[in-house]
Amino acid sequence: MTASHSRSRRAVAIPVGMVMASAFAFLPNIQAVAVDTEAAPVTADATSLSYVVNVFPGFGPSQYVRKAIAKAGGTIVTSYDRIGVVVVHSTNPDFAKLIRKVPGVQSAGNTRNAPLPAQSTTDEGAPKALSAAEIASATAGATAAQDPLEPLQWDLPAIKADKAHEKTLGSRRVTVAVIDTGVDDTHPDIAPNFDRAASVNCVTGKPDTTDGAWRPTTGESPHGTHVAGEIAAAKNGIGVTGVAPGVKVSGIKVSTTAGYFYTEAVVCGFVWAAEHGVDITNNSYYTDPWYFNCKNDPDQKALVDAITRATRYAEHKGVVNVAAAGNESYDLAADEITDPVSPNDATPSDRVVDPSECYDIPTQLPGVVTVSSTGAKGIKSSFSNHGLGVIDIAAPGGDSTRFQTPAPPATSGLILGPLPGGTWGYMAGTSMATPHVAGVAALIKSTHPHASAALVKALLYAEADATPCTDPYDIDGDGKVDAVCEGRKNYNGFYGHGVADALDAVTK
């Protein structure tokens, strides 16, 4: 199947007339062997690209590898020694090819095609901000137990979060990191629960702890702020309520001003989370520039290797990693998929890939919780990717009211959340489903504070509400099947183990 779509899953386009939202191994040092790393001539106007060089975990690059990197025209930006991932910049177009020949280098590849830094400055699509009249109307209908805009949040009762809040709001000892476009921690719904010590800017691949570096700047995507609010907007008499309004949330900014999520930044994000007390990470993106990274391509293989090491390291440290399935209506268990958008920072072309060999990262990596999206009627969202054996769990991510209309007083089929600057608005996508699952995982961790990452995931799946396949799935009612669901009630390609259940998370 072939379709043209936005490069990331920050938001999804809704039809015309609707809103547009847009194994660790500690190995000994090996014997250095002479190798020809003669770099190709570099012209004075050559552009600098970023690379990951993967070496044996636990030691960092040996002196021999460091010298080889320099000889091939590379400059080390930072090295994550525990997982053996080195971030390098080089103007030599043959850098990766040369460094892959060096003993001690397990894989290496360029993380992008665009020069450093990326050229674009704006995001695609925009959320629909609430008007003053909509805020006033919702506030008038709120009960004493609700935050003012909670009547518009049909997604909370859809996962029984409203009932869960009667038991507990979650523990302040639990932190969810939003690895994303940045979080506006000054927003009144986010500020009370924001964890500054667990926040950072990782865009260059090297942590920047400057105060406020985790925030989106003017003109950057509001995506990360919206996601953070869905997870942990405080129950404080202001705005909306998060799924886990008593836990902490941090911002780990990994996207460029152009909205690209490059490998070195994502690796930095997972390692930072692992080493700064984070319990759950939310990942509502795919790692640019390849939607699917094929292991038979040496550059793409290096990106898969690097992020796999980072996610495994985080899980080894007790972190549960939750990721969005994507918004292209792909069957990720199909024999083949046509990817028309890669590489998205150069000239893309249609390429046919096998999704069992070419991975959407971090979504399809081992151990990562993969989330599909449902709408207000509780069935798979029109845009959501699916696939038996790929989808682990489902949660509300919204859909067009043309397909799934919520019950009053809610009026939009999309998901309401905070926007930078102290406002609120609607967005939709598996990007919005993922924070619901991250929030439920945070409630489980609050209830079972000593649970390992593996146990939190096991409880997440066991407590989900089993949801049978929607069959036939004709979301637009035109008499044609729009997607095929495979599997049984307790585990299938649309909903995985079922829809996340916040009430069970705090009572079982």
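Residues numbered from 1 in each chain as written. Predicted model: local features only at pLDDT ≥ 70, side-chain atom pairs only at ≥ 80, totals over all residues. Heavy atoms only, no water.

A.B. asks: Could you give an account of the pattern of salt bridges, with specific residues and numbers?
C.D. replies: Within the structure shown, the criterion is met by 17 salt bridges. The shortest N-O distance in the salt bridge between R112 and E264 comes to 2.4 Å. With a gap of 152 residues between them, R112 in the loop between β4 (105-110) and β5 (128-129) and E264 in helix α7 (residues 263-274) connect regions that are remote in the sequence. Assigned by exposure class, R112 and E264 land together as buried. Among the ionic pairs, K235 bridges to E150, the shortest N-O distance being 3.0 Å. Placement of the pair is K235 in the loop between α6 (223-232) and β8 (248-253) and E150 in the loop between α3 (132-141) and α4 (155-158), with a sequence separation of 85 residues. Take K235: its relative accessible area is 29%, and that puts it in the partly exposed class. On the accessibility criterion, E150 (7% relative accessible area) is buried. (Salt bridge = Lys/Arg side-chain N within 4 Å of Asp/Glu carboxyl O. Helix = DSSP H or I, 4+ residues; strand = E, 2+ residues; numbered from the N terminus. Buried < 20%, exposed > 50% of the residue type's maximum accessible area, 1.4 Å probe, protein only.)

A.B. asks: Give me the lowdown on the pairing of strand β17 (residues 415-419), citing residues and values where you can.
C.D. replies: Of all five residues in β17, five are buried; the element is thus mostly enclosed. Pairing geometry for β17 and strand β18 (residues 423-427), over five bridges, is antiparallel. Residue pairing for β18: L419 is matched across the bridge by T423. Between β17 and β18, which pair antiparallel one after the other, the connecting turn spans three residues, and G421 there sits at a positive phi close to 95°. (Pairing = 2+ DSSP bridges.)

A.B. asks: Can you explain the state of the cysteines? Please cite residues and give values.
C.D. replies: Linking two cysteines covalently through their sulfur atoms gives a disulfide. Throughout the structure, instances matching the rule amount to three disulfides. Across the disulfide, C202 is cross-linked to C268 (sulfur-sulfur distance 2.1 Å). Around the S-S axis, the bridge from C202 to C268 shows a dihedral of about -60° and counts as left-handed. Taken together, the positions of C202 in the loop between β7 (200-201) and α6 and C268 in helix α7 put the pair 66 residues apart, joining distant regions of the chain. With respect to class, C202 is no different from C268; both count as buried. Two residues share a disulfide in this structure: C469 and C485, whose sulfurs sit 2.1 Å from each other. Across the disulfide from C469 to C485, rotation about the S-S bond amounts to roughly -65°, and the bridge is consequently left-handed. Pair noted here: C469 is in the loop between α10 (453-462) and β19 (487-488) and C485 is in the loop between α10 and β19, with a separation of 16 residues, a long-range link. Classification of C469 by relative accessible area gives partly exposed; the value is 21%. (Disulfide = S-S within 2.5 Å.)

Any functional reading would require information that these geometric values do not contain.
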